[in-house]
Amino acid sequence: QLQEVLGLTEEDASYEISSEANRHFEGVALEAMEGAISGDMTPEDAWEAIATRRDDLCLKEESMKSLLTSIVMQALGKPLEETLTYAKVNNEQQVYEKLLDALEAKLACFAVLQLSGWEDFDESHFFDPTNSNSASGFIDEADRMKMYQIFLVRSVRNSESGEELTDDMFDEVQEVQSMLGIGDAEAQVQFRKSFGPALSKELQIAVFEVTGDDYTPALVENLKKKIDAVIENYRLPADMVKEFAASNYNKAVEIINQKSPSGIPTPERMEALDKLRDLLQLEKEATYAPHMQCFGRSYRTGVLEALGGTGVIRPEFRQPLDDLRDRLGLPEDATKKIFLEAIEEKMIPMVEFLGTELERTMLTQQQLAQKKGKDFGEDMFKSGKGAAGRLGIGADGNIMTDCMNLVDFYTENDIAEEKEVGKKTVEKKVPAEEEGGEETTVTEEVPVYETTYPITALGTSCIEVEMAELLYRQFVVGGFTTQGPQGERYEAAKATFGGILGLTSEKMEEIGGSIGETVYENFISNAMTTKGQLDQQDMMFLANIQTKLGLSSEQGEKMMLDVQKKILVDEANAVMGGEPSAADVKAYREKCNSMGLELGEDLELSKSYLTRMFEIEVVPGLMNGEITVESAELLTEIQESLGLTPEECEELFEGILDKRASAVLTNIKGELLRGREENATDLIKKLVRFASFVDGELGLEIDEANAYAIFNLYEKFDFSEEEKESVEEKKKLLKVALGIS
């Protein structure tokens, strides 16, 4: 009623009640909680006292929850504060007992909270270590960890055997962990610190006994019982056990390795390792690393011995290698890697030899000089008579033999792998079921396989990409120019040789279809460098090359176009890489247009390149008055030549206008400020010219005083030689630009 008389809202009334009632409620509630903790009051009596006081003070439910939270934190903080005092002086027994008191206090407080009907309260909220107001928030991390470890160790010590963590004790340890706000990872660290030595001791005994000279199966069983007892008694987490087991197993492998002078343990010792692995409950995959570290070298030696002088592992040696792998406990993928590494050692000198030989039979004098750092004679294009030079497609018989040796080495060692990469649908003929019946056709899905090459010349970095492509080119030409069975053998090995080099199928196809590309590129580059473009004589020479290479007119035309594009792109990079002038850009684009090539579509120059070219060519013309509204066709010419759309051109031009107009306006204001009106004349005329492109809408920011000062000065100009209508139109544009009416 009083709320209604005073005209208070529900929120205001609640606030006033809380302000006055909180301190009265807190005193009663705290006393009740402490009574429940001490046992002087039952949880039911404590709650009844709290609820009665709440009703007397008309507290809302949410206000009461907030107050109870604070009270519980205070009540629980008291025993924890006492615990901390004993922890500071290393009184472990009192720490243990006070933590038990704190657990009892927590149970009492939470029993009262549950009677309140507050069933969804979060226990961790009361013990949040990051909240300084929580029950344990005043204890720093180091002290909380110390208290937890003391409780953990004391719990075990107080057990009947003094060496185990019973179910009840384990529950208490977890409750203390929660109460002290300790995460699972931190708790595991304390388990490791406290009980790790006991586990490590039993594991070390097991390693010593099993790897000794008196191993028996019964020994393993007895050792397992001891280890399992430690794990169970101390409730050690599985991750911790696995980590300790793994490190001790690693030591066992090292011991066995030291007792095996030949590097290959006896079957009896390997059996002992297998039993130890089972004893430690380790997966076989988890033991591969130490086995590889200790026994991998022995397997590698076996592979090299099997390769012998020929470099090829004969079929009768392959199964013994597999048996050795299994005996040493090595993973298949790792031993495969060892095998490939050994193959790689044999293969690299073969590839390097091919590269060296090719340099002497195929590269030009200039290329050899660049690679070897010494002069090999006159450059074939130096005189400009490259048309009469060699084609670079000779096929030396010795190199072809060496290439086939590499192919045989790879195939006989069965290095290439077939991998399924997908499925395809094929048609299959089904014979008639009875005589006179009709044959039927059905479709079915079959796997598609792709040959992969685990070791390649490029992958080993023993040759560069350019050399790999030249080697493949040589091999293709050799297969093309060699007749008879040997030529067929070369042709059949073409894809394998390319794969061994590390070339993709696309690159091999590209090289195979463009043997004359090098000749085309060298010749056209030279012609365009010396003459700017190809003449009729050059075209006749290219037609002759095209015929010799058996290329179609379409292929020849495409190669020529591709080379021209490449040269022009390089030229664009050279022009734009420095500080190009408008004349440089204009000359370049006109050259491209005269050859019928679009800068964007054909040369694939980026949009940023094209817009920069546009700006470089347009800005000087705009500033010097060459580009005006009357001469706007110049913009159209540049736009079409660069391959820009009218919309893109308009947007770029407006951006240039805005930037330049703002700069001009700044200069005008600077001249007027300094009293140099005569210097502002040309600048104002330039601003009017800019405004004519956009009907005055330049988007300038200028105050009214400066705007009128500029306009008034413009009206004083001498317009005697201009048409009146033109003058008025310019004044109108200037007004719009300056934002005055």
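Residues numbered from 1 in each chain as written. Predicted model: local features only at pLDDT ≥ 70, side-chain atom pairs only at ≥ 80, totals over all residues. Heavy atoms only, no water.

**Section: the packing of aromatic side chains**
So, step 1. Taken as a whole, this structure holds 12 aromatic pairs when the rule is applied.
So, step 2. Between F110 and F126, the aromatic rings sit 5.5 Å apart at their centres with planes inclined by 50°, giving tilted as the arrangement. Residue F110 is found in helix 5 (residues 92–115), and its partner F126 is found in helix 6 (residues 123–126); the two are separated by 16 residues along the sequence. F126 matches F110 in its accessibility class, with the two residues each being buried.
So, step 3. Cluster of aromatic residues (ring-pair linked, three or more members): F110, F126 and F127. (Phe/Tyr/Trp six-rings, centres within 6.5 Å; stacked < 30°, edge-to-face > 60°. Helix = DSSP H or I, 4+ residues; strand = E, 2+ residues; numbered from the N terminus. Buried < 20%, exposed > 50% of the residue type's maximum accessible area, 1.4 Å probe, protein only.)

**Topic: the pattern of salt bridges**
So, step 1. By the definition in use, this model includes 27 salt bridges.
So, step 2. In this structure, R154 and E92 form a salt bridge, with 3.8 Å as the shortest nitrogen-oxygen distance. Separated by 62 residues along the polypeptide, R154 in helix 7 (residues 141–157) and E92 in helix 5 bring together distant segments of the chain.
So, step 3. The buried category is assigned to R154, whose relative accessible area is 16%.
So, step 4. Residue K566 pairs with D570 through a salt bridge whose shortest N-O separation is 3.5 Å. Here K566 and its partner D570 are both found in helix 23 (residues 553–577), four residues apart, which amounts to about one turn of the helix.
So, step 5. What you see here is one network of salt bridges that share partners, running through D274, R277 and D278. (Salt bridge = Lys/Arg side-chain N within 4 Å of Asp/Glu carboxyl O.)

**Let's talk about helix 10 (residues 217–233)**
So, step 1. Taking 1.5 Å as the rise per residue, helix 10 with 17 residues should run 24 Å; its terminal C-alpha atoms sit 25 Å apart, in good agreement.
So, step 2. For helix 10, the secondary structure elements touched by its buried residues are helix 9 (184–210) and helix 12 (267–279).
So, step 3. With its phi angle positive at about 55°, R235 sits one or two positions after the end of helix 10. (Expected span 1.5 Å × (residues − 1). Contact = heavy atoms within 4.5 Å.)

**Thoughts on the nonpolar core**
Soluble globular proteins tend to pack their nonpolar side chains together in the buried interior.
So, step 1. Formed by 132 residues in total, the largest nonpolar core has its most connected members in F25, M33 and F497.
So, step 2. Dropping the residues within four chain positions of it, M33 is found in contact with I50, L68, I71, V72, A75, C109, V112 and L113.
So, step 3. Within the second largest apolar cluster, 56 residues are counted, among which are L603, L610, A680 and I702. (Core = buried A, V, L, I, M, F, W, Y, C linked by side-chain atoms within 4.5 Å.)

**Points about the environment of Q149**
So, step 1. Here Q149 is to be found in helix 7.
So, step 2. In this structure the C-alpha to C-alpha distance between Q149 and V189, which are 40 residues apart in sequence, comes to 9.8 Å.

These figures come from the coordinates and say nothing about function on their own.
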